[in-house]
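Read off the chains here:
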Amino acid sequence: MKITGFETFNLTSQLDRPFGWSQGWIDHRSVGIVKVTTDEGIIGWGEGSGGPAATVVHDIFAPNLIGEDPTNRIGLWQKMFSLLYNANLAGGLGGSAISAVDSALWDITGKATGLSVSELLGGQIRDKIAVYATGLYYTEGEFPTRLLEEATGYVNAGFKGMKTKIGGLPMDEDINRVAALRHAIGPDIKLMVDANQGYNAPSAIRIGQRLAEHDVLWFEEPVNAKDVEGYLLVKSALPMAISGGENLRTRYEFNDFLTRRAYDIVQPDVINVGGITEMRNVAMMANSLGIQVNPHVWGSPIMIAATLHIAATLPPCPPSHDPEPFVQEPVMEFDRTPSGIRDGLVAEPFDQVDGFVAVPTGPGLGIEIDEDAVRRLAS
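It should be emphasised that the depicted structure is a prediction, and the values quoted were computed from it without experimental measurement. (Residues numbered from 1 in each chain as written. Predicted model: local features only at pLDDT ≥ 70, side-chain atom pairs only at ≥ 80, totals over all residues. Heavy atoms only, no water.)

1. Things to note about helix α9 (residues 250–259)
- Taken together, the buried positions of α9 are Thr250, Phe254, Phe257 and Leu258. All buried residues of α9 fall inside an arc of 95° around its axis, so they share one side.
- Backbone geometry just downstream of α9 places Arg261 in the positive-phi region, at approximately 55°. (Buried < 20%, exposed > 50% of the residue type's maximum accessible area, 1.4 Å probe, protein only. Helix = DSSP H or I, 4+ residues; strand = E, 2+ residues; numbered from the N terminus. Arc of directions from axis to C-beta.)

Have a look at this one:
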């Protein structure tokens with residue numbers, strides 16, 4: 001079997017109600033996906049090739065990968081990385097382009113062999129993944145009624161944890177939001193906060209100290225994503241776990257953060273880190289260092305499926321006779337904000353039951369992408 005072509009799509013879906021976080025507001029959802037075709041008619045789908053990353057796919061990868069065997073996943077990952085290495089382009093958009101193509105190759109290999117991605121990775125430790133609800137963004141006229149109704153809705157739906165945003169309002173207002181959320185959901189539901197790099201280290205420490213009384217489980221991206229010293233300062237000063245990593249590419253960018261233990265929880269994103277191949281590498285590196293892996297997910301069913309397969313293979317951290325989600329077992333982000341892309345590309349969108357999402361069982365990623373929907377959302 002040989003690769004015959006690449007096609008990229010930039011998908012956009014408008015929101016009925018804009019929402020925001022520390023870095024701004026959006027009125028639409030968008031993702032970039034790639035379709036890889038073969039001479040045997042098997043198609044693979046990957047995510048991460050949005051915007052300028054599509055140029056990397058078409059201008060750099062395609063001329064060098066067409067005619068290659070798509071099942072040679074490790075070899076082709078290294079070939080893509082080497083094409084970007086000397087110019088130091090494997091970070092940023094280059095890493096996302098690698099991610100998209102790599103996931104598509106795993107999808108093709110699974111379909112060709114009749115095996116799921118988790119089976120290709122060596123088999124499952126678990127067949128369902130614990131998830132927490134991501135939502136609770138800033139919206140106009142949202143506090144307190146809309147925000148608290150959303151939060152209690154997650155509790156009623158069976159979620160055992162949820163994450164909200166901070167860093168987009170004055171500190172006192174954000175603290176009031178978190179306090180109101182904790183009061184609304186009660187003491188037994190896990191509550192996390194995400195600043196999306198919105199603070200410097202002293203400010204992150206100040207708000208973290210004030211949030212501690214509300215039993216925040218983890219503080220995500222408190223400072224700039226590349227500021228390892230800032231992470232270490234925040235981590236040494238606060239009682240809650242410190243997490244990050246969604247914006248880093250390849251194991252080389254994760255190296256200092258992991259070996260210096262700048263994270264308590266690492267959150268690689270399969271559409272950024274380098275696809276399924278590299279996410280597994282980073283996750284196992286973290287696991288060997290005793291750092292929990294809770295993947296970041298905020299996109300289409302392609303990345304949701306890929307992440308579920310990887311998470312199915314991750315050992316508890318540390319090994320435990322009866323591992324518990326949020327303690328030793330990995331937990332995965334489960335985006336609940338409105339998205340026509342997430343819910344419109346497959347006939348049966350992913351859903352959770354009692355705080356778990358089942359790992360797909362079909363070959364490859366185990367999902368059937370509606371190509372008509374892809375082209376409609378790309379128009």
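2. A closer look at the sheet that holds strand β2 (residues 24–38)
- If you walk across this open sheet you meet the three strands as β1-β2-β3, and the pairing is antiparallel. Of all strands in the sheet, those bounded by a partner on one side alone are β1 (3–21) and β3 (43–47). Each strand of the sheet is rotated relative to its neighbour by a mean of 20°, with strand direction disregarded.
- Examined bridge by bridge, β1 and β2 share 14 bridges and lie antiparallel to one another. Residue pairing across strands places Phe9 opposite Ile33, the latter belonging to β2.
- Packing against the sheet, helix α3 (residues 92–113) makes contact with β1, β2 and β3, and its axis sits at approximately 150° to β3. (Pairing = 2+ DSSP bridges. Axes fitted to C-alpha atoms, helices over the stretch in contact; angles between N-to-C directions. Contact = heavy atoms within 4.5 Å.)

3. As for helix α10 (residues 275–288)
- Helix length check: α10, at 14 residues, gives a terminal C-alpha distance of 20 Å against a target of 20 Å (1.5 Å per residue), a fit within 8%.
- Among the residues of α10, Gly275, Ile276, Thr277, Glu278, Met279, Val282, Ala283, Ala286 and Asn287 are the ones counted as buried.
- Remark: Gly290 follows α10 within two positions and exhibits a positive phi of approximately 75°. (Expected span 1.5 Å × (residues − 1).)

4. Some remarks on the pattern of salt bridges
- Counted by the stated rule, this structure contains 17 salt bridges.
- A salt bridge links Lys111 to Asp107, with the shortest nitrogen-to-oxygen separation between them at 3.1 Å. Here Lys111 pairs with Asp107, and both are found in helix α3, just four residues apart, close to one helical turn.
- Its relative accessible area of 2% is what places Asp107 among the buried residues.
- Among the ionic contacts, a cluster of salt bridges with common partners joins Glu7, Lys35, Glu371 and Arg375. (Salt bridge = Lys/Arg side-chain N within 4 Å of Asp/Glu carboxyl O.)

5. What about the pairing of strand β7 (residues 216–220)?
- Across the five residues that make up β7, a large majority, four, are buried.
- Strand direction decides the pairing type here: strand β6 (residues 190–194) and β7, joined by three bridges, are parallel. Bridge pairing links Asp194 to Glu220 in β7.
- Since β6 and β7 lie parallel, the crossover through helix α7 (residues 201–211) that links them has a hand, and here it is right-handed.
- Bridge count for β7 against strand β8 (residues 241–244) is three bridges, and the pairing is parallel. Its bridge partner being in β8, Phe219 is matched across the sheet by Ile242. (Right-handed = clockwise from strand over helix to strand, strands pointing away.)

6. Overview of the packing of helix α1 (residues 53–65) against helix α2 (residues 73–85)
- Their axes nearest at 11 Å, the elements α1 and α2 cross at an angle of 125°. Judged by the angle between their axes, α1 and α2 are oblique. The way α1 lies across α2 gives a crossing that is right-handed. Of the residues in α2, those touching α1 at Val56, Ile60, Phe61, Asn64 and Leu65 are Leu76, Lys79, Met80, Leu83 and Leu84.
- Split into classes, the residues belonging to the contact of α1 with α2 amount to eight nonpolar, one polar and one charged. (Parallel < 35°, antiparallel > 145°, perpendicular 65-115°, else oblique. Left-handed = near helix turned anticlockwise from the far one by under 90°. Nonpolar A, V, L, I, M, F, W, Y, C, P; charged D, E, K, R; others polar.)

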